[in-house]
Amino acid sequence: MGNPGMEDLIPLVNQLQDALSHVGHTCSLHLPQIAVVGGQSAGKSSVLENFVGRDFLPRGSGVVTRRPLILQLLSADAEYGEFLHCKGKQFTDFDEIRQEIEAETRRLTGSNKGISPVPINLRIYSPHVLNLTLVDLPGITKVPVGDQPSDIEYQIRDMIMQFICKENCLILAVTPANMDLANSDALKLAKDVDPQGLRTIGVITKLDLMDAGTDARQILENRLLPLRRGYIGVVNRSQKDIDGKKDVGAALLAEHKFFLTHPAYRHMADRMGTPYLQRVLNQQLTNHIRETLPAVRGHLQEQLLALNREAEEYQHFSPDDPARRTKTLLQLVQRLSVDFEKLIEGTGDEVDTVNLSAGAKINRIFHERFPYELVKMESDEKKLRREINYAIRNIHGVRTGLFTPNMAFEAIVKKQILRLKGPCFKFVDMVGQELTNSVYQCINKLSSFPKLRDETEKIVTTEIREQESKCRDQVLLLIDIQLAYVNTKHEDFIGFTNAQRTNNHNNQKNVTGTAGNQVIRKGWLTINNLGIMKGGAKEYWFILTAETLSWYKDDEEKEKKYMLPLDNLKLRDVEKSFMSSKFLFSLFNTELRNVYKDYRSLDLACSSQDELDGWKASLLQAGVYPERVAVDSEGNGSPEILSDPQLERQVETIRSLVESYMSIIYKTIKDLMPKTIMHLMINSVKEFISSELLAQLYALGEGGALMDESAEQQQHRQEVLSKHAALKEALSVIGQISTSTCTTPLPPPVDSSWIQPSSVTPKKSAASNRPVGRGQAPSAPRLPPHSGPTAPPSMSGLQQPTSQPHRPPPSVPRRNPPAIPNGK
């Protein structure tokens, strides 16, 4: 026996879910939970059983449901049950399901009426149900029995509130007809969480057990003690019927006969009984589905629009057509050329705001990394003076020279020029690596054709290596040209006369010639060597000028923390620690003075290697050079003290000449190297990809094999076409549901102030004599007020209960909610 009302909705929902399953889209209808709330032996489990149409829940008097039962109904071809605690075991006999529920309840709560908030999770698969979640909750009780704790009332209320607080939960407030409705605990709890009555339905049970001469007509007509959604009367099986194995179908026939023959209910028999309650809930499900469909439709339409162009292309695609293969090869190579050029030259469309492009990285290498590498290779002052000293003395030999030897100048200059090979080769390698990364980034778009991708990668990377080799040869040529002739007549060379005049002046080079106190760089840096007692590492806003390094509390630059002069400062690399994600460098004073307060060095950290390189280049621009470690490879020890005044003057003169000439060389190399690499590497590779790559691919003689699709691409094309068709079908089904179903309007609001909010004073625990701690009730959902007529006054002359002023929900027990699986 199934649920006839629910079965009317099953074909529509299943059709929609089948259509959506073809596109890999989960049907996010999220049908509501249905929680049955009421006192002990009010008939909650019987109401719940009727939705499934099978007899499977424990029955009896007193406390029967002692743990929450979360029942997930799942639509399937076969009918069976599964428990979460018995994974993999299928129960096809519903009597066995009942026995397992009883056994699992006893396992955790014992056999003496104890309760537990830990839910039992049961899934029932059936062709007669919708994907829905039903919750059977313990009955509300006030007096503990057996092993129940003294605060049993609070625990059960707490348990119930965890479920009915959810917006997606329909509340069936079950009250037996033979008790005072105004004192219904179920209605009071529902009022706390659903003050507008939007999701509360009153269910009156045991109408057949009322005293002779009494009835619930005015309550069921919603005239006495009204609810917004009214009341529905049901007649469940008695314990005698259950013991006599009376099935659900016979019980429903008996219920229908009761309402038709009872003089107080016959006029509204069509609005009473379990089938009508099922239809009301089914209509709520229909309403919910119709409210959800616009969002589902919009999502599907977005997917369809995104697939239209690709699907149209694939519909006319013939993978074995030679003309099609040739055209695709031409298009892919052209796209590769365009993509590579955009990465290098930059583009105004689709600008990446997260990562630097290859062109931007190469620009940074040109103007930040390479100048910094040049400065790093320069020898320090002591080493240069020692080399000049040895050169002069070795040239004079046993004789005493009267004049400054120009051979010493040339020897020192040529040695300095030869040392440029290292930074220049490193420069070539860095640019070559960026070009290779750019090619990999572009070639990844050819992944649909593995053979084409592999051959293209091999050809282009080979070309990059060849151009790197040519570029290195050109670098050697540039250095050999500088070594071939030392031009002492260069207009920027100071000459011997000027060098002698300024030999007492410490002419420290400034590679970029920054003058004045102009701002060079701003940004966030972390001072990393502050002790824990002083607050630990802190981030500040730093401003670097040509003369000072200042830092502020924040980028508003209002509260200056410190200003550090750049005189006598050097930069030292600091190794990145294993546990840190920061990139470090340090500033120190060459005269061994404290740099900042009582710190000999200022350790600074930034968040990326790019920032570190940028700060190093900016400090270099401001005249803060990296630390140089003097190592005498000849084993001559420390420099000797010059005791000969004439030799000292000659050393100073040559030092000034070397500095002047090398500054010319540095400017020349910094200008020529980017131009050389741009011409021989970058432009050559771009030209090769745009004009030579296609010819080399054809020269392989494997034109057919190159355009063989990967298995992934074939699967992708089929998936796109099937998904495109399924999306159209799903949108068509949604249109059918929209036209074949209708929405029931929400009933107008009624005056439900007669329901007094639940107010329970916490009792003291007998064991500890302390009040049982409780939290506030979960806040009731705030819903917009609905206008509408209030309930008419009672027509029967019975006195209406006095209206109570609105009060906030009282203190209700609260615990951590149990895990509730979402029914799909």
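Please refer to the structure higher up on the page.
First, a word on what this report is: a plain description of the structure on this page. Just so we're clear, the structure is a prediction, and the values are computed from it rather than from any experiment.

Let's shift gears to the sheet that holds strand β2 (residues 69–75). Read from one edge of the open sheet, eight strands run β3-β4-β2-β5-β1-β6-β7-β8, paired in mixed fashion. Since the sheet does not close on itself, it has two edges, and those belong to β3 (80–83) and β8 (231–233), each with one partner. Across this sheet, the average inter-strand angle for adjacent strands is 25°, counted without regard to direction. For strand β1 (residues 33–38) and strand β5 (residues 132–136), the ladder comprises four bridges, and the chain directions are parallel. Counted as the bridge partner of Gln-33 is Thr-133 from β5. Sheet strands touched by helix α3 (residues 94–109): β2, β3 and β4 (120–126). Its angle to β4, the strand with the most contacts, is close to 170°. Contacts from helix α5 (residues 185–193) reach β1, β6 (169–176), β7 (200–205) and β8, with the element oriented near 155° to β6.

With that settled, consider the sheet that holds strand β10 (residues 538–545). With respect to topology, eight strands assemble into an open sheet ordered β12-β11-β10-β9-β15-β14-β13-β16, the strand pairing being mixed. Pairing within the sheet leaves two strands with one partner each, and these edge strands are β12 (560–565) and β16 (625–626). For strand β9 (residues 519–527) and β10, the ladder comprises eight bridges, and the chain directions are antiparallel. Looking at β10, one finds that Ile-527 is bridged to Lys-538.

Generally speaking, soluble globular proteins have nonpolar side chains that are buried together. One finds Phe-409, Val-431, Leu-435, Met-673 and Ile-677 to be the most contacted residues of the largest nonpolar core, which totals 67 residues. Of all the elements in the fold, those that place two or more residues in this core are α10 (322–345), α11 (358–377), α12 (381–396), α13 (406–418), α14 (421–443), α15 (450–484), α18 (645–691) and α19 (693–699). The dominant element in this core, judged by the number of residues it contributes, is α18, at 18 residues. Aside from chain neighbours lying at most four places away, what touches Met-673 is Phe-370, Cys-424, Phe-427, Val-428, Val-475 and Leu-478. Ile-70, Met-159, Ala-173 and Leu-207 belong to the second-largest nonpolar core, a separate cluster that totals 45 residues.

Conventions we followed
Residues numbered from 1 in each chain as written. Predicted model: local features only at pLDDT ≥ 70, side-chain atom pairs only at ≥ 80, totals over all residues. Heavy atoms only, no water. Pairing = 2+ DSSP bridges. Helix = DSSP H or I, 4+ residues; strand = E, 2+ residues; numbered from the N terminus. Axes fitted to C-alpha atoms, helices over the stretch in contact; angles between N-to-C directions. Contact = heavy atoms within 4.5 Å. Core = buried A, V, L, I, M, F, W, Y, C linked by side-chain atoms within 4.5 Å. Buried < 20%, exposed > 50% of the residue type's maximum accessible area, 1.4 Å probe, protein only.

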